[in-house]
Structure formats: C-alpha cells, structure tokens
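Architecture at a glance
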Amino acid sequence: MARDTQGRTGQAGGFYSSVWRWHFYAGLFCIPFVIWLALTGTIYLWRPQIESWLDRPYDRLPVAGAPASPDAQVAAALHAVPGATLRKYVMPERPDAAVRVLVTRDGADRRVYVDPHSLAVLGVVTEEQRPMRVIFRLHGELLAGAAGSYLVEIAACWAIVMLLTGLYLWWPRGRRGLAGILYPRLRARGRLFWRDLHATAGIWVTVFALGLILTGLPWAKGWGTYLTQVRQITGTSRGPVDWTIGGKAPKADAASGEHAGHGGMTMPAPPPVPGDLARVIATTRPLGLAGPVLITPPARAGAPWSVASDTADRPLRSTLKIDGASGRIVSRTDFAQRHWIDRVIGYGIAAHEGALFGLANQLLGTATALLLVLLSVSGAVMWWRRRPIGLLGAPIPVGRARFGAGLVVAILALALYLPLFGLTLILVLLFEGIARRWLPGPSQWLGLRSA
C-alpha cells in the first residue's frame, strides 16, 4: 500500500497527508498576512507609549495663571479651522498639557492642540493621518477599506486552519524526550533545525495566536456585520457598540452622533450654548472616569451632552448623558451594565490591544507576534528548501482519507462561526475537484497527483 513520509499507510496515511496538504495551503496563503499583521499589530500594541512620545511637544507647557474657559478654548480651535464645527472636547488630564479639541469640516475630523492658558494653537492634525491611525488601518484593512478588511479576515480564518492542522501534525506519536517537541535542537543542521524551530514555535504560540485572531474578528467587515445581524435576529443587541466594523462605526452609532471608537461618522450639530461645556466638565471631573474622556455636544438643541471614557482598557469605560443647562446627570452606563456579549468582546479587544493588564499584556502580545513571525519565516524556509523544481511543493495525497463524523461536524461548526472560511473552503474544494478532473497540468503542479 502507499506509504507517506511518516510511515503511515492506507486510510491513516491518507488522512495525515490530507491534513498536511491543508496545512501547507493555509500556510502558504497566510504567511505574508501573518507577518504583516504581526509587525503592524506589535507597533499598535505600544500605542500609549508611542503617542505619548509623539505628543511630547504639546505636554508640559508653562503654566501661567488660571486657564481660559472651555468655551474660549473651543473658539480658538474653531478659529484655526475656518468653517469647522465642534466634534468632541477631550477633557484635559493635566493642567500643563495642551487641550485637544476635535473639530469637523467637510466630513473630516481634525485634532487641534490649544494652549489652555494663552489660547495659542500649537498644532492641527487630521485624525485619519495621525501615525497610529494609519497603523490601525494598515493592520485592519491594509489601507484598502472594506476590501482590505475582507482580505485580512479571510487570512485570519485560514490562519486558524494553519494553527489547528499544525497542532495535529506536531502531536508527538511514539517519540521520546522533549527535544524537537517543546524546544528546538539547536545543534541540528539543515532541514531538522528548521523543522524544530517551526514546530516548537507553533506549539508555544498556538493558544495565544488563536486568542489574538478571535478577539480581532469583531473589527472585521464580514464577521462584525455577521455578528450584528445575528444579534438583531436573536434580540441580544442592546445599544450601539463601541468598536468599529470594517473601519467604520455601526450605523446606529453614526445616526446618534455617538463616539464609536475610531473612524466614526459625524453629524452636523447646533453651536453649543455658552457655559454648557464648563458645567458638563464640572460635573464630570469629580467622577474620575478613566481617560481620555471625550465630551460630545448634543446633536440637537436642548438635548443632553454625551460624555464617554475612551480608555483602551474597555472594562473601565463609562458613558454618561449630562444636561448642559443644569449640569445634572441624565443617565450613566458603566461597562458592567452592558450586554454580556459586549462585555466579552470588550475584554477581548482590550487584551488584543494590550491594555487589559498593562505592560505584561503588551509584552505577551509582542512575544506572540514575534513567535508568529518565526513560525512564518521557518515555514517559508522549509517550503523553499524542499520544493521540487517546477512544482508548488504541496504534499501529494496518499491513500484514501476517511473523515469521521466528529471532524465533519467540527468543520461545519467552524464554517458557521466563520462564514468567510466556509465560503472560501467551498471555492477551494470546487477548484480542487475541477483541477483533478480536467486540468492535469495545474493538478500536478499543485500536488494533487504525482508527477
């Protein structure tokens, strides 16, 4: 009977060969995306430190006397961007830091840095051009909008396949010792050295990598929209979410004018009543909300102001409605009051961004990203060294694989949870079937039949 490279025959060898082939396909497709997402994600993990360094010219300003009123600070920001309207006021966290005022004009938000004492405008930056916003869009949508988000999501789905099939291939079968299983044999040379690096990096990174992938899905255009629709059908949606989907705020947020993470849409609003902002700040400051705290003017006259903690550690977030005329708190929603699905996603996003448990979270995320890069590079080297000339180098099917009911159910469940995985899986299987039957050249090049 046919025997694979691991000495397996018949149906066992056929199943192992099939797993290996799908691992190969998934890895070959995912490697460029995994490296890209790991590098951009690592940069974004250190956003607080990077933004603090970038904003250093606007902090530690000389303090001379009492600061100007919030209305005067907003007026200075609006004067710097003629024709703009107030979008958000970022409540200062320190007396010697510049006030950040977000204004909008022609559908674009601009961040204006204002000296709170002299009212001098220290800088004007378009929000979407801020370095970490560019990194955010590079990471989540490749600067290609919805199309880029879909592509990243497909890569994430197949990265899950790559990791799970890799775990099956790694699983020790009759081997003794931990060398080459939990740690590489560094004295090895050639193919064995790269195999050990690949296998051991994969086993150490799999759990954390799966966590990163799953917690990043709510931002994706396809999966985020899918989740929104499922929640609407099941009645589990409770108010607007505070993360973007495919780089844009959900429509419910856009319509209400609420802040929904990054990239939110803007709605024209009437000019704030003088004195209202100062009263809202006076009410908000003693509450000790986690910064940055964003204060949004009402979308219509007489409506309350919106106050929201925009801290990256989402379990600390709170949102309030405050009457500008009296300073009275109309309503308050803390993280614990949100729907349990929103809380689970909030914890996941905070961990994904490295904010849930401080510096240790950032270091763990960085280590995971670096191991993913090592996993990808070692896999690419192994493929390049072993590929036959003129062929892709995919493992050739051996024997007849038998797929048990449990595996079929698991694949269907994964396809239901990740619709883009199910769709692309069908497309790949259709292409395989067509190539086997009618395209002998491509079929041989892909490794679907022996040369």
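These numbers were taken from a predicted model, which means no experiment stands behind them. (Residues numbered from 1 in each chain as written. Predicted model: local features only at pLDDT ≥ 70, side-chain atom pairs only at ≥ 80, totals over all residues. Heavy atoms only, no water.)

Across its full length, the protein chain carries 14 helices and eight strands. By its C-alpha atoms, the protein chain is 85 × 50 × 35 Å across when sized along the principal axes. A buried classification covers 46% of the 451 residues belonging to the protein chain. For the protein chain, the share of sequence-separated contacts (at least 6 apart) that also reach a separation of at least 24 residues comes to 62%. Accessible surface computed for the protein chain: about 22,700 Å², of which carbon and sulfur atoms make up 66%. (Helix = DSSP H or I, 4+ residues; strand = E, 2+ residues; numbered from the N terminus. Buried < 20%, exposed > 50% of the residue type's maximum accessible area, 1.4 Å probe, protein only. Contact = heavy atoms within 4.5 Å. Areas by Shrake-Rupley, 256 points an atom, 1.4 Å probe, with all protein chains shown as cover.)

Given a rise of 1.5 Å per residue, 14 residues ought to cover 20 Å, and the 20 Å separating the end C-alpha atoms of helix H7 (residues 221-234) matches this to within 8%. Within H7 the residues assigned to the buried category are Gly222, Trp223, Gly224, Leu227 and Arg231. Those residues of H7 that are buried lie in contact with helix H5 (145-170), helix H10 (340-352), helix H12 (405-417) and helix H13 (419-438). Once H7 ends, the next one or two residues include Gly235, with phi positive near 70 degrees. (Expected span 1.5 Å × (residues − 1).)

This paragraph deals with the nonpolar core. Here is a general trend for soluble globular proteins: nonpolar side chains tend to be buried in one another's company. Membership of the largest hydrophobic core comes to 48 residues, with the highest contact counts inside it found for Tyr25, Trp158, Met162 and Phe421. The leading source of residues in this core is H5, at nine residues. Sequence-distant contacts of Met162, defined by excluding residues within four places in its chain, comprise His23, Ala26, Gly27, Cys30, Val34 and Leu375. (Core = buried A, V, L, I, M, F, W, Y, C linked by side-chain atoms within 4.5 Å.)

Once that is clear, we can look at the sheet that holds strand S8 (residues 329-334). Picture the strands of a sheet paired through backbone hydrogen bonds; they go either parallel or antiparallel. Across the sheet, which stays open at both edges, the eight strands sit in the order S4-S3-S2-S1-S5-S6-S7-S8 with antiparallel pairing between neighbours. Edge positions in the open sheet fall to strand S4 (121-126) and S8, since each of these has one partner strand only. The average undirected angle you get between the axes of adjacent strands in this sheet is 20 degrees. In this structure, strand S6 (residues 305-309) lies alongside strand S7 (residues 318-322), joined through four bridges in antiparallel fashion. Bridge pairing in S7 places Val307 opposite Leu320. Helix H9 (residues 276-284) contacts strand S1 (85-90), strand S5 (293-296), S6, S7 and S8 of the sheet and is inclined by roughly 40 degrees relative to S6. (Pairing = 2+ DSSP bridges. Axes fitted to C-alpha atoms, helices over the stretch in contact; angles between N-to-C directions.)

Right, let's get into the packing of aromatic side chains. On inspection of all chains with the given rule, the structure shows 15 aromatic pairs. Ring centres 5.6 Å apart and planes at 50 degrees place the aromatic pair Tyr44 and Phe136 in the tilted group. Here Tyr44, found in helix H1 (residues 10-45), pairs with Phe136, found in helix H4 (residues 131-141); they are 92 residues apart in sequence, far enough to count as distant. Take Phe136: its relative accessible area is 13%, and that puts it in the buried class. Put simply, the rings of Trp22, Phe24, Tyr25, Trp158 and Phe421 pair up and form one aromatic cluster. Over the ring of Trp53 we find Arg56, and its NZ or CZ is 4.1 Å from the ring centre. (Phe/Tyr/Trp six-rings, centres within 6.5 Å; stacked < 30°, edge-to-face > 60°. Lys NZ or Arg CZ within 6 Å of the ring centre and 35° of its normal.)

Now for the packing of H5 against H13. For the pair H5 and H13, interaxial distance at closest approach is 9 Å and the crossing angle is 80 degrees. Judged on the interaxial angle alone, H13 and H5 are roughly perpendicular. Here H5 contributes Tyr150, Glu153, Ile154, Cys157, Trp158 and Val161 to the contact with H13, which in turn contributes Leu420, Phe421, Thr424 and Leu425. The residue inventory of the contact of H5 with H13, partitioned by class, reads eight nonpolar, one polar and one charged. (Parallel < 35°, antiparallel > 145°, perpendicular 65-115°, else oblique. Nonpolar A, V, L, I, M, F, W, Y, C, P; charged D, E, K, R; others polar.)

Counted according to the given criterion, the structure contains 20 salt bridges. For Arg100, the salt bridge identified is with Asp55, shortest N-O distance 3.4 Å. Placement of Arg100 in strand S2 (residues 99-105) and of Asp55 in the loop between helix H2 (47-54) and helix H3 (70-80) is noted, with a sequence separation of 45 residues between them. Overall, the relative accessible area of 11% leaves Arg100 in the buried class. Among the charged side chains, a network of salt bridges with common partners joins Glu51, Arg111, Glu127 and Arg130. (Salt bridge = Lys/Arg side-chain N within 4 Å of Asp/Glu carboxyl O.)

Right, let's talk about a nonpolar patch on the surface for a bit. Among the surface-exposed residues, Phe403, Leu407, Val408, Ile411 and Leu412 lie close enough to one another that they form a single nonpolar patch of about 410 Å² accessible area. Structurally, Leu407 is set in helix H12. (Patch = residues over 30% accessible without salt bridge, like charges linked within 9 Å, V, L, I, M, F, W, Y side chains within 5 Å.)

Any segment with low pLDDT has predicted coordinates that should not be analysed in fine detail. Residues at a pLDDT of 70 or more form 91% of the protein chain, whose mean pLDDT is 88. In the predicted structure, residues 1-7 sits below a pLDDT of 50 and forms 14 contacts with residues beyond four places in sequence or in another chain. Every residue in residues 252-266 is under pLDDT 50, and counting partners more than four places away or in other chains gives 43 contacts. (pLDDT = per-residue confidence, 0-100.)

Relative to S8, S7 runs antiparallel, the two sharing five bridges. Residue pairing for S8: Lys321 is matched across the bridge by Ser331. Hairpin connection of S7 to S8: six residues between the antiparallel strands, including Gly327 at a positive phi of 80 degrees.

Our next topic: H10. What sets the pattern is the α-helix's 3.6 residues per turn: residues three or four places apart point alike. Across its 13 residues, H10 extends 18 Å between first and last C-alpha, which sits within 8% of the 18 Å expected from 1.5 Å per residue. Buried within H10 are the following residues: Ile341, Asp342, Ile345, Gly346, Gly348, Ile349, Ala350 and His352. One or two steps after H10, the chain reaches Gly354, where phi turns positive at roughly 80 degrees.

A few words now on the environment of Tyr44. Of the residues examined, Tyr44 reaches a relative accessible area of 9% and is grouped as buried. Considered as a pair, Tyr44 and Ala299 are 255 residues apart in the sequence and their alpha carbons are 32 Å apart.

What follows is about the packing of helix H6 (residues 191-216) against helix H11 (residues 358-386). At a minimum axis separation of 8 Å, H6 and H11 run at an interaxial angle of 140 degrees. By the criterion of interaxial angle, the relationship of H6 to H11 is oblique. The two elements H6 and H11 cross, and the hand of that crossing is left-handed. Facing Arg191, Trp194, Arg195, Leu197, His198, Ala201, Gly202, Trp204, Val205, Phe208, Ala209 and Leu212 of H6, the residues of H11 in contact are Leu364, Thr368, Leu371, Leu372, Leu374, Leu375, Ser378, Gly379, Val381, Met382, Arg385 and Arg386. A per-class count over the contact of H6 with H11 returns 15 nonpolar, five polar and four charged. (Left-handed = near helix turned anticlockwise from the far one by under 90°.)

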